[in-house]
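# Structure at a glance
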Amino acid sequence: MGYGTPQQSIPASAGKAPLSKRAELFKQIKKHRYHYLFVLPMLVFFAAFTLWPMIASWYYSFFNWDGIGWPTDFIGLGNFREVASDPGFWSAFMNTFLFALTHVLIQMPLALIVAVILNNQFLAGRNVYRLLLFVPVISTTAVIGVIFSILLNPLGGAINEMLLGTGLINEPINFLGSTTLALPTLLAVSVWKSFGTPMIYWLAGLQTIPGELYEAAKIDGASKVQSFFRITVPMLAPIGLVITLLTFINNLDPFDLVRTMTEGGPVKATDVVQTYIFRYAFEPESGSSRYGFASAAGILFSLAVLVVVIIQALTGKVARRSGTKGA
Amino acid sequence: MTRKRSLIGSLTAVFALTGILAGCGGNNNAGSGGAATPPSGSAATTAPAATAAEVQKVNFSIVSARPGDEAFYKEQMDIFMKANPEVKVTVIANPTEQYNNALQLSFAANEGPDIFFIEGGQPQARTVYDNKWVEPLDSYIDDAFVARFPEGAFSRTSQTRVNGEVIGIPVRDPRFDKVRPLYYNKTILEQYGYSEPPKTHSEFVAAATKITKEGKGQVYGFAMMGKAPAVFGLSVSGLGSGLEGGVIGYEGNTIINLKTGQFSAKSATPVVEILRQLNAQKIVAPGWENWDTAQMHQQFAAGRVAMFIGAAWQAEEIRKLNDGMDMGIAAAPVPDAGRSGYRDTPTIAEPRYAMSAQSKSKEGAWKVLDFLGSVEFERANYEYAKELVLMPAAMEGIAMSADMEQIVKVMDETIRMAPAVNTNNQNYDQFSKSISDAMPKPKIQEVFLKAVVSNEDPVALAEDYDAKANKVIDEQIKIANNGGIDFSREDLKYPDWNPMENYIIE
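Residues numbered from 1 in each chain as written. Chains lettered and ligands numbered in written order. Predicted model: local features only at pLDDT ≥ 70, side-chain atom pairs only at ≥ 80, totals over all residues. Heavy atoms only, no water.

### Examining the environment of D457 of chain B
Residues and elements named next belong to chain B. For clarity, the cut-off: Helix numbering and strand numbering both begin at the N terminus, where a helix is a DSSP run of H or I of at least 4 residues and a strand a DSSP run of E of at least 2. Pairing of N or O atoms within 3.5 Å defines a polar contact, subject to two protein rules: one partner must be a possible hydrogen donor and the other a possible acceptor, and residues neighboring in sequence count only if both atoms are side-chain atoms.
For D457, the location among the structural elements is in the loop between α19 (444-453) and α20 (458-482). Each C-alpha atom, one on D457 and one on V272, is 9.2 Å from the other, the two residues being 185 residues apart in sequence. In terms of polar contacts, D457 uses its side chain to reach the backbone amide nitrogen of V459, at 3.1 Å.

### Comments concerning the side chain of E446 of chain B
Operational definition: Remark: exposure states derive from per-residue accessible area (1.4 Å probe, protein chains only) relative to the maximum for the residue type, with buried under 20%, exposed over 50%, and partly exposed in between.
With respect to the element layout, E446 of chain B can be found in helix α19. Owing to a relative accessible area of 11%, E446 of chain B belongs among the buried residues under this scheme. One polar contact links E446 of chain B to K268 of chain A, side chain to side chain, over a distance of 2.6 Å.

### What to know about a nonpolar patch on the surface
Spelled out, the test is: Here a patch means residues that are over 30% exposed by relative accessible area and free of salt bridges, tied together within 9 Å if like-charged and within 5 Å if nonpolar (Val, Leu, Ile, Met, Phe, Trp, Tyr). Areas reported as accessible are Shrake-Rupley estimates using a 1.4 Å probe. Residue values count occlusion only from the protein chains shown. A side-chain nitrogen of Lys or Arg and a carboxyl oxygen of Asp or Glu constitute a salt bridge if their distance falls within 4 Å.
On the surface, V39, M42, L43, F46, L51, W52, M54 and I55 of chain A cluster together to form a nonpolar patch covering roughly 770 Å² of accessible area. You can see I55 of chain A is positioned in helix α2 (residues 33-60).

### A short note on the interface of chain A and chain B
A common way to report how large an interface is uses the accessible area buried once the components associate. Our working definition: The contact definition used throughout considers only heavy atoms, calling two residues in contact when any of these lie within 4.5 Å. By buried area we mean the combined loss of accessible area, with a 1.4 Å probe, across both parts when two parts are placed together.
Counting residues at the interface gives 38 residues for chain A, matched by 32 residues for chain B. In total, chain A and chain B occlude about 3000 Å² of area from one another, counting both sides; carbon and sulfur atoms represent 56% of this. At the junction of chain A and chain B, the tally comes to four salt bridges. Between K441 of chain B and E82 of chain A there is a salt bridge, with the nearest N and O atoms lying 2.4 Å from each other. Applying the counting rule to chain A against chain B returns six residue pairs in polar contact (both at pLDDT 80 or more). Elements with a minimum of two residues in the side of chain A that touches chain B: α1 (21-31), α2 and α12 (255-261) of chain A.

### Description of the sheet that holds strand β7 (residues 247-248) of chain B
All names here are of chain B. This is how it is decided: Here a strand pair is declared whenever DSSP counts at least two bridges between the two strands.
The antiparallel open sheet is built from three strands, whose spatial order is β7-β8-β9. The open sheet has two edge strands with one neighbour each: β7 and β9 (262-263). Judged from the two bridges that link them, β7 and strand β8 (residues 256-257) form a sheet pairing that is antiparallel. Counted as the bridge partner of I248 is I256 from β8.

### Re the nonpolar core
Our working definition: Here, nonpolar core refers to any group of buried Ala, Val, Leu, Ile, Met, Phe, Trp, Tyr and Cys residues whose side-chain atoms link them within 4.5 Å. What marks off one domain from the next here is an automatic or database domain assignment.
Counting residues in each nonpolar core, the largest one holds 150 residues, and the members touching the most others are F60, F116, F263, M307 and Y353 of chain B. Examining the composition of this core, we find that seven residues originate from one element, α19 of chain B, more than from any other. For this core, the two domains that each supply at least three residues are domain 1 (31-174 + 347-373) and domain 2 (178-346 + 402-506) of chain B. In contact with F60 of chain B, not counting residues within four places along its chain, are Y73, M77, V89, T90, V91, I92, I115, F117, Y353 and L372 of chain B. If you look at the next biggest cluster of nonpolar residues, it comprises 38 residues, including V83, F97, L112 and I243 of chain A.

### Notes on the packing of aromatic side chains
To keep things clear, this is the line we draw: Within 6.5 Å between ring centres, the rings of Phe, Tyr and Trp (the latter by its six-membered ring) count as paired, and their orientation is classed by plane angle as stacked under 30 degrees, edge-to-face over 60, tilted in between. Distance and angle both matter: a charge sits over a ring if NZ of Lys or CZ of Arg is within 6 Å of the ring centre and within 35 degrees of the ring normal.
Per the stated rule, a full pass over the model turns up 51 aromatic pairs over all chains. With centroids separated by 5.9 Å and ring planes inclined at 45°, the aromatic side chains of F89 of chain A and F93 of chain A adopt a geometry described as tilted. With F89 of chain A and F93 of chain A both in helix α4 (residues 87-118), this residue pair falls four residues apart, about one helical turn. By the burial criterion, F89 of chain A is buried, and F93 of chain A matches it. Of note, R290 of chain A hangs over the ring of F293 of chain A, and the distance from its end group to the ring centre comes to 4.5 Å. Of note, R416 of chain B hangs over the ring of Y342 of chain B, and the distance from its end group to the ring centre comes to 4.2 Å.

### Some words on the packing of α4 of chain A against helix α8 (residues 182-194) of chain A
Residues and elements named next belong to chain A. We count it as follows: Lines fitted to C-alpha atoms define the axes here, with helix axes fitted over just the stretch in contact, and angles between the N-to-C directions of these axes take values from 0 to 180 degrees. Should an angle fall under 35 degrees it is taken as roughly parallel, and over 145 as roughly antiparallel, whereas 65 to 115 is taken as roughly perpendicular and any remaining angle as oblique. For a crossing to be left-handed, the near helix must be turned anticlockwise from the far one by less than a right angle; the clockwise case is right-handed. Amino acid classes used here: Ala, Val, Leu, Ile, Met, Phe, Trp, Tyr, Cys and Pro are nonpolar; Asp, Glu, Lys and Arg are charged; the rest, including Gly, are polar.
Where α4 meets α8, the axes come as close as 10 Å, and the angle between the chain directions of the two elements is 50°. Comparing the axis directions of α4 and α8 gives the class oblique. The way α4 lies across α8 gives a crossing that is right-handed. Every residue of α8 that contacts α4 at N95, L98, F99, T102, H103 and Q107 is listed here: L183, L186, L187, S190, V191 and S194. Residues that form the contact of α4 with α8 fall into these classes: six nonpolar, six polar and no charged.

Below you can see the structure in the form of structure tokens.
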């Protein structure tokens, strides 16, 4: 029988003795050996560079380990206790969630409005606008971070020079050096940078709504605002839950932007969990790396994210159920 | 069973293939394997022929921090082998970030090099000693060898010794890394009426204030680097170098008053207060909170900043950006009442080259170390690496840039040898990392940075921190004692030390 040829299943009652589960498994493996062979390289790299580091970080988190040699100084939950008692970690933790929440609460609604505008087939040049809004998404974040750092510099930066030149301000704005302005500035750059992603998601969702619904609503005398809230929003709700989840998860890791623009400063005002971990693992203030401590911080954060994702998934499930009942 | 064997066989073959492919693309320079079977061409090969029975093979493990390092050492070993044909030296280079791991693996496999770099300062010196990787050199060095180096290079207080034993040969002058000079733009200072840099804190504040106020946003009198607490610490330690004598570690996270044995962040607060006032009055260049060294170089080279306090290596970086600028380098200002202390260095010499305790060619290894401790080698190293070496004779006759001359002057003027925290009792090294890790968070340099940025009283913050830090030290000493390590607070005290003089105990 040739590879890929459909086979009929043989009923157990066909006269042959049923194969044991193990024999059946090996039979299946042999039958699909080429599939396994082709998947194997990916599995090897996945195991080596994703799975193993995840498992290893759990192991390392129980040791006081500087990364040289094998970890031998077992300290139990000591690293976890130290992370949990560090206000710097919780501040970074809050900032990280603030990043994700800002994108969910500000970027997503804005992206929906823009998507609705760009979904209008009578809008001239709508593809050009879509492209322009999507270009920052495919630009390298580190490059954007460096460029914005230069643009926003109070001493000679283009944005401050322009504002000073037009007389809008009397003295330069310390966008990235102020403990109160630095985080909002980073959030604004981040929202701008990734704006195209939820916009594309919303556009995809909008194109699944049948045009007849709007036509019927129009005939019934509904205004555009009423159509938006009575047709667009309910129809987009299921995909909206998925977009919310994706936006939230994607924006929980703003490492590259924070690293290139502020490195978590000034005085940790923009520190996020990723820069916090990076600092302890690779740029330790004490001079020697603390991989065990950094691993514990990573695990605590991932557990928190897991809880949030589970809550979000359960909420979605409940919402879908209530939606079904309503239907 | 046959199927199982077949599957396992297939998996093994794929893993082997993956390994071979990975090996084809990898760097064959790394690790202990390199020590056992050096790659073709890695040995310096121009030594005159000697019979196999006479030749002593010496593996020399170096850190390759710059692209030319490996070639430099091979060239030097060729010179050595011409004069010593009975020794064949193989240079094994590893990048800085892989070096200590590769060394550890090679010693674990009993394939350690005969000579190796001690990379990582005093903590690594202690590690190689505790791991029994190093051969103490006391029986090899004699008075003539010691006389090649400046006074104190092999003293009891020198970091070339661990537990009283010499563990390595020094090369460079560690004061180059320690000095924190005041960089100033002569043109700007002259433009605002200053013919020379400020010498006291008051003069410094007055000059910075005048330039910023009259500069009207085009020029600022002073700037700091605030992107990370560590770079911010350069300003604190520079301006603080003349403060209360007896306190060490203004730049780090363990500020200790060695007269009292107490953690003493409070002693740095006069300087932090000056910086806070300057920032609160908007005298410091805006945006400094987000500057690292690169941004400081750009702004200083562009003539927007009149003064800053930095590290010695920054002079060269500024010159790369603006070779023609009229840059001055001077000692950082001291308190108005005069200098009461110095920027501290616990040693005038740090061990760099060590002999392995596992070496089977110790005689040959010592000959190489003897060469590495010679004026000829230090001279070559100075010419190649442009880093100050310990032996003044090695630098004689070689033109020194005007910037470097100034830096040397500032080093001599502002740095003195002080006791290290571990000088009285080296058992401290066994738990010093625990103290550092257990220090209250945020660490003291971050507390100081926050005081300046957020305009908070540094004295109150420092007093609070001192109380917590001293508690941590007491707790860690107790834990160490319970673990069998003999150490007490008294070991942190040096009541007879005169902070105005070099601390050397032969």
